[in-house]
Amino acid sequence: MNFFRYWLWIIVLLAFSLKGCIPDDELSKPVVVDLFLQTDGNTSGSNHILIHNVYFAFNSISFYGIRQEGSDIFFQSEPSVESGSYMLNPASNMQLASFDIPQGVYNQMKWELLTRNLPPGFVNEPFTELFLSPFGGSQNFGMIITAEFREEPDDEPVNVILGVESNNIFSFFTTTANEQTPELQSPRSFRVDLLINFYQALTSIEPEAWDDAYIREYEFDDDDDNDDNDDNDDGDDNNSDDSDEDEIDYMIITSSENQVLYERILFRIESNLTSTIE
């Protein structure tokens, strides 16, 4: 009996040792991983927020991987100014980069995007630049969301500009579609989707909080338009009052204006970052 027990222990120990001795060249085999950025889209479920565009610039892409066997994997990629700046429409889907990552079973896989200042002139929206001029302009932010708010569907919209400062980190923990541990295996290639739910984050804030925010008013300097109208004036002054068309209501949301709303939205965005691999 002791003889068989002795050999049983040898077999068990040998099995464990073989399992933990995967050759280094196997653990270092590269697997192609394409990295995509996705955003959710406007839906008909909420009428108080409508997103127009999202401007986003990042300074680096960082990857952290903890494998069941083999060393941990870490790298950081720094794109150029041109390739690291994006204009995202609702429901965008675009490729950010492609990487060769060592194969293996990953207990944890995390991606980080570090924002940087948007390039000057990248935001091609004159009113956005005008309204952000007291805050240093669009180039003073790493992400800008332009949208509109209505408390009631028939209300006139209030223009919304959300400016997120640079050096903000967005972290994504990656799982498979069925929330299993990712396994990268050569020679397969994989796709990782980083999903930012901008619309979900904004619409999760109740309309009353938006309505309580500080709203600015911009008045047009339309003297030239009035001069043109005077040249064509036929004496009918019934339609001379265009004051409603000479003003724009807008809301700036930054860390220094409407700060509470800013913190709530940023928390909602960061809390709903998801990532899947397939």
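Report on the accompanying structure. Remember, it's a predicted structure, so these values are computed and weren't measured experimentally. The written sequence of each chain sets the order in which its residues are numbered from 1. Only residues with pLDDT of at least 70 are given local features in this predicted model, and only at 80 or more are side-chain atom pairs given and counted; all residues enter the totals for whole chains, interfaces and linings. As a convention, hydrogens and water are excluded, and side-chain values are obtained from all of the structure's heavy atoms.

**Notes on unusual backbone geometry**
The linkage connecting Ser186 with the following residue, Pro187, adopts the cis geometry, with an omega of 10 degrees. Each helix corresponds to a stretch of at least 4 residues labelled H or I by DSSP, and each strand to a stretch of at least 2 residues labelled E; elements are numbered beginning at the N terminus. Relative to the assigned elements, Pro187 resides in the loop between strand 10 (183-184) and strand 11 (189-196). Its identity is not glycine, yet Glu179 carries a phi of approximately 60 degrees, on the positive side. Along the chain, the position of Glu179 falls in the loop between strand 9 (169-176) and strand 10.

**Here's the deal with the packing of aromatic side chains**
Each aromatic ring pair is specified by the distance between its two centres and by the angle formed by the two planes. Under the pairing criterion, centres of Phe, Tyr and Trp rings, with the six-membered ring standing for Trp, must be within 6.5 Å; the plane angle then separates stacked pairs below 30 degrees from edge-to-face pairs above 60, leaving the rest tilted. Going through the model one piece at a time under the given rule, you end up with 16 aromatic pairs. Ring centres of Phe58 and Tyr86 lie 5.8 Å apart, and the angle between their planes is 10 degrees; this geometry places the pair in the stacked category. Taken together, the residues span a long stretch of sequence, with Phe58 in strand 2 (residues 49-67) and Tyr86 in strand 4 (residues 85-88) at a distance of 28 residues. Of the two residues, Phe58 and Tyr86, both sit in the buried class. With a centroid separation of 6.3 Å and an interplanar angle of 80 degrees, the aromatic rings of Phe75 and Trp111 are classed as edge-to-face. One end of the pair, Phe75, is in strand 3 (residues 73-77); the other, Trp111, is in strand 6 (residues 104-115), and 36 residues separate them in sequence. Across this residue pair, the class does not change: Phe75 and Trp111 are buried. Grouped by ring-pair contacts, the aromatic residues Phe63, Phe75, Phe99, Tyr106 and Trp111 constitute a single cluster. Two conditions define a charge located above a ring, namely a distance within 6 Å from the ring centre to NZ of Lys or CZ of Arg, and an angle within 35 degrees of the ring normal. Lys110 extends its terminal NZ or CZ atom over the ring of Tyr64, reaching a point 4.8 Å from the ring centre. Stacked on the ring of Phe36, the Lys or Arg Arg191 has its end atom at 3.7 Å from the ring centre. Throughout, exposure labels follow a simple rule: accessible area from a 1.4 Å probe, protein chains only, divided by the maximum for the residue type, with under 20% read as buried, over 50% as exposed, and the rest as partly exposed.

**Overview of the pairing of strand 6**
Here, strands pair whenever DSSP counts at least two bridges between them. The pairing of strand 2 with strand 6 spans nine bridges and is classified as antiparallel. Each bridged residue has a counterpart across the sheet, and for Ser62 the counterpart in strand 6 is Glu112. With two bridges joining them, strand 6 and strand 10 adopt antiparallel strand pairing. Following the sheet pairing, Val105 is matched in strand 10 by Glu183. As defined by bridge partners, strand 6 adjoins strand 9 across five bridges and the pair is classed as antiparallel.

**Observations concerning a nonpolar patch on the surface**
Among the surface-exposed residues, Phe127, Leu130 and Phe220 lie close enough to one another that they form a single nonpolar patch of about 240 Å² accessible area. Mapped onto the secondary structure, Phe220 falls in the loop between strand 12 (216-219) and helix 6 (223-231). Residue classification places Phe220 among the partly exposed residues on the basis of a relative accessible area of 31%. Patch definition: residues above 30% relative accessible area lacking any salt bridge, with like charges linked at up to 9 Å and the nonpolar side chains Val, Leu, Ile, Met, Phe, Trp and Tyr linked at up to 5 Å. Accessible surface is estimated by sampling points in the Shrake-Rupley manner with a 1.4 Å probe; for residues, cover comes only from the protein chains shown. Salt bridge, as applied in this entry: a Lys or Arg side-chain nitrogen positioned within 4 Å of an Asp or Glu carboxyl oxygen.

**Quick word on the nonpolar core**
Ranked by size, the top nonpolar core spans 56 residues in total, and within it Trp111, Trp210 and Ile269 carry the most contacts. The greatest single-element share of this core, amounting to seven residues, is contributed by strand 2. Definition of nonpolar core: a set of buried residues of the types Ala, Val, Leu, Ile, Met, Phe, Trp, Tyr and Cys, connected through side-chain atoms within 4.5 Å.

**A look at the environment of Gln108**
Take Gln108: it is sitting in strand 6. With 65 residues separating them in the primary sequence, Gln108 and Phe173 have C-alpha atoms 7.5 Å apart. Residue contacts are counted whenever heavy atoms from the two residues lie within 4.5 Å of one another. The contacts of Gln108, once residues within four sequence positions are left out, are Tyr64, Gly65, Ile66 and Phe173.

Such coordinate-based values are descriptive only and should not be taken to indicate function.
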